[in-house]
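Below, each chain spelled out in residue letters.
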Amino acid sequence: PLTLGEVRMLVELFYLPYHHGPQAQQLLEHFRWLRVNSLSARVLATTPDACGGMCWRGRAQSFQQLCAQACRLHSRFVSRAGRALLYDLHPYLWDIRNVLLAAGAFVLWLGCQSITAPVLLGGDVEPWVHRGGLFGELQALLPVGNSCDLFYHPPPLFPSSQLYVLRPLLPLDKVRVVLSSAPALVRRLLGSFLSLSPEYTFVLEDEDGPCGYAAGALCAEGFLRQRDSAWLPAMRHKYPQDLGAGSPAPVSGHLEGSGFGGDGGGVLTCVYHLQDALEEALLFFHAEPAAVPLPVLQRFPSLVQLGTAPRVLDVGASRSLAIGLLSALKASGSRGVFCQVSTSDRQQLSFYSKLG
C-alpha cells in the first residue's frame, strides 16, 4: 500500500485552491529562485563567487528530489490505489507528473548551459491561459507557460505506472551513439544535432532505457548552412554511395542503449535490419536537402525534431519532452520553431499532431 509519506505528499500537492502544502510550496519556491538566479548556475568552484554557484546547485538538487518523489508517487498511486479513487484523482496527479518532468529537465538544462541573461516570464496573458492550483503556477514559471495548447490534453483512458526520466544530453550519450550497432542510421536521424547543436538535445528514459529524444537548433539558418556545407560532406565521405554494394545478408541489430533513434514517431529500442538501415542512411546523406523558405526562417528561427519509441504510449511523457526542449529554446531567446516533415510520412505527421 501507499506509505504515510506518499499520502501526505498527495494531500500537500492538492491542499487548497490558493494554498499549497509544505512540499508543494517548497517546489514552487525552489523553481522561482532557480529561475531568477539562473546566472549563478555556471559559476565555477574556483571563482570568487563560488558560494552562489554552490547554493544554486544545492537548491537544484533539492528541487530534482521533490520532482522525482512526485513522479514516483504517480507511479505508485496508479499501481496501488483502488480503481474508484484512481479514476477520480489520476487526471490531476498525471498533470502534475507531466509538468514536473518538464520543469525538472529545464532546471537540469539551466545547470549545464551558459545562459547570458536571466530567464524572464513571457509577459501578461489572459487569466484562462493558466489553470488553477499547483499545476497552473508551475506552468506559469516555464518559459513556454503562455502556450496553453502545450499543457491541455485529456489523460489516458488506461493509466500507466511507467516511470520516466527526462534530462538533457550527456557526453556519455554521444559515446553510446558511436558504439551503437547501427551508427549510420543514428547519424542520419540525430548526427547533425549531436555535432552542431548538442546543447539543445534532451533524452527521455523509462525503466528499460532510452525511449525518446528531442533535438533543436536555436538558429536554424546557421545550423542548416553548417549541416549542408560541412556535416553532410563529411558523412558522404564516411559513407560513400556504393558502401551498401556487396554487403552480407541482412542481420538483426539492436539499438537499445544507443539512446537515440526513430523518425518522428520513432523507433528506438527495436530490432533493425542493418542492411536496410544502411541503405536508408545512404539515401539521406547523398540526397540534396530540401531548402527552407526564407520567410519560414525569419518567422520561426529555430528547428526542432522529436521522436519516441513505440512503447511510449503515454502522450504526457511525449508532451513533457516537447515542453522541455521548447523551454530551453525560449529561454535562449527563440521566438518560434518549425520542424521538417515529409508529407508522405504519416507516422511522423501523426506524432507531431498528437503533440498539438
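Residues numbered from 1 in each chain as written. Predicted model: local features only at pLDDT ≥ 70, side-chain atom pairs only at ≥ 80, totals over all residues. Heavy atoms only, no water.

The name an unreviewed UniProt entry gives the protein is OGA GlcNAcase, with Crotophaga sulcirostris as the organism.

## What to know about the sheet that holds strand β2 (residues 201-206)
Pairing within the open sheet is mixed, and its five strands lie in the order β1-β2-β3-β6-β7. For this open sheet the edge positions go to β1 (165-168) and β7 (337-338), each flanked by a neighbour on one side alone. Sheet topology note: the strand β6 (residues 302-308)/β7 ladder contains two bridges and is parallel. Counted as the bridge partner of Ser302 is Val337 from β7. Strands in contact with helix α8 (residues 220-238) are β3 (209-217), β6 and β7; relative to β6, the strand with the most contacts, it is inclined by about 75°. (Pairing = 2+ DSSP bridges. Helix = DSSP H or I, 4+ residues; strand = E, 2+ residues; numbered from the N terminus. Contact = heavy atoms within 4.5 Å. Axes fitted to C-alpha atoms, helices over the stretch in contact; angles between N-to-C directions.)

## Brief notes about the pairing of β3
Across the nine residues of β3, nine count as buried, placing the element largely inside the fold. Relative to β3, β2 runs antiparallel, the two being bridged by six bridges. Pairing of Phe202 across the sheet is with Ala214, part of β3. Connecting β2 to the next strand, β3, in antiparallel fashion are two residues. As defined by bridge partners, β3 adjoins β6 across six bridges and the pair is classed as antiparallel. Its bridge partner lying in β6, Ala215 is registered against Gln305. (Buried < 20%, exposed > 50% of the residue type's maximum accessible area, 1.4 Å probe, protein only.)

## Re the packing of helix α2 (residues 22-36) against helix α3 (residues 50-80)
What describes two packed helices is the angle between their axes and the distance between those same axes. Taken N-terminus to C-terminus, the directions of α2 and α3 make an angle of 140°; their axes are 10 Å apart at the nearest point. Judged by the angle between their axes, α2 and α3 are oblique. Crossing handedness for the pair α2 and α3: left-handed. Along its contact with α2, which presents Gln23, Gln26, Leu27, Glu29, His30, Phe31, Trp33 and Leu34, the element α3 presents Cys55, Trp56, Arg59, Ala60, Ser62, Phe63, Leu66, Cys67 and Gln69. Considering only residue class, the contact of α2 with α3 consists of 10 nonpolar, five polar and two charged. (Parallel < 35°, antiparallel > 145°, perpendicular 65-115°, else oblique. Left-handed = near helix turned anticlockwise from the far one by under 90°. Nonpolar A, V, L, I, M, F, W, Y, C, P; charged D, E, K, R; others polar.)

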